[in-house]
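Residue-level structural notes
Here is how the chains run, residue by residue.
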Amino acid sequence: QVQLVESGGGLVQAGGSLRLACAASGGTFSRNAMGWFRQAPGKERELVATINWSGGWRFYADSVKGRFTVSRDNAKNTVSLQMNSLKPEDTAVYYCAARDGVVPSTERSDYAYWGQGTQVTVSS
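An account of the accompanying structure is given in this report. Position labels on residues start from 1 in each chain and follow its written sequence. Only residues with pLDDT of at least 70 are given local features in this predicted model, and only at 80 or more are side-chain atom pairs given and counted; all residues enter the totals for whole chains, interfaces and linings. With hydrogens and water stripped out, all remaining heavy atoms of the structure feed into the side-chain values.

**Some words on the overall build of the protein**
To keep things clear, this is the line we draw: Secondary structure elements are defined from DSSP: runs of H or I of at least 4 residues count as helices, runs of E of at least 2 residues count as strands, and each element is numbered from the N terminus. Radius of gyration means the value over C-alpha atoms here, while the globule rule gives 2.2 Å times the residue count to the 0.38 power. Here's how the labels work: a residue is buried when its accessible area is under 20% of the maximum for its type, exposed when over 50%, partly exposed in between, all with a 1.4 Å probe on protein chains only. Here, two residues are considered to be in contact whenever any of their heavy atoms come within 4.5 Å of each other. Positive charges are assigned to Lys and Arg, negative charges to Asp and Glu, while His and the chain termini are left out of the count. All charge positions are set by atom: Lys at NZ, Arg at CZ, Asp at CG, Glu at CD.
Tallying secondary structure elements over the protein gives 0 helices and 11 strands in all. Listed by position from the N terminus, the elements making up the protein come as β-β-β-β-β-β-β-β-β-β-β. In terms of C-alpha radius of gyration, the protein reaches 13 Å, essentially the compact-globule figure of 14 Å for 124 residues. Considering the protein as a whole, with its 124 residues, one finds that 44% of them fall into the buried category. Taking contacts inside the protein between residues at least 6 apart in sequence as the whole, the part at least 24 apart equals 59%. Taken as two groups, the 13 positive and 10 negative side-chain charges of the protein have centres that lie 5 Å from each other.

**Notes on the side chain of N32**
Cut-off, in case you're wondering: Any pair of N or O atoms that falls within 3.5 Å is considered a polar contact. Within protein, one atom must be able to donate a hydrogen and the other to accept it, and sequence-neighbouring residues count only if both atoms are side-chain atoms.
Within the element layout of this structure, N32 appears in the loop between β3 (18-25) and β4 (34-39). Looking at N32, its side chain comes within polar contact range of the main-chain oxygen of R99, at 2.5 Å. Every residue in contact with N32, bar those within four places of it in the chain, is listed here: V2, W53, R72, A98, R99, D100 and G101.

**Notes on the sheet that holds β3**
Definition in use: Strand pairing follows a simple DSSP-based rule, namely that at least 2 bridges must link the two strands. Fitted lines through C-alpha atoms serve as axes, helices being fitted only where they are in contact, and the angles separating the N-to-C directions of these axes extend from 0 to 180 degrees.
An order of β1-β3-β8-β7 is seen for the 4 strands of this open sheet, with the pairing classed as antiparallel. Edge strands, defined here as strands with exactly one partner in the open sheet, are β1 (3-7) and β7 (68-73). Geometrically, the sheet is characterised by an average inter-axis angle of 15° between neighbouring strands, direction not taken into account.

**Re unusual backbone geometry**
Residues other than glycine seldom take positive phi values, yet N77 does so here, at roughly 55°. Positive phi values are uncommon outside glycine, yet S85 reaches one of about 50°. Positionally, S85 belongs in the loop between β8 (78-83) and β9 (92-98).

By themselves these figures say nothing about function.
Below, the structure is given as structure tokens:
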């Protein structure tokens, strides 16, 4: 059973940056493709970025491409999301998720393990 704990959320002005981190435990981290999702009030949870087991393949939602960067450190069992040039529409609860398997997916239903989420608020 994989446990995930996110950190790094907070309040930032538009144009600013935040770095989210997700610490994994209870499994073999290098066997899990990882994803970052977000959910704004009244909206569906949506994919932000996903990364394969080695970090060599990454996918980003169009809305964050060029501004966000996902990375992982298998030695430390962590995955990170560097968020730059933040916009008010990036305001949401951000969730870290893990798949059972090394191949990443853009589908929320393919992720078996979820963190509790961390709030990101971007003021205009």
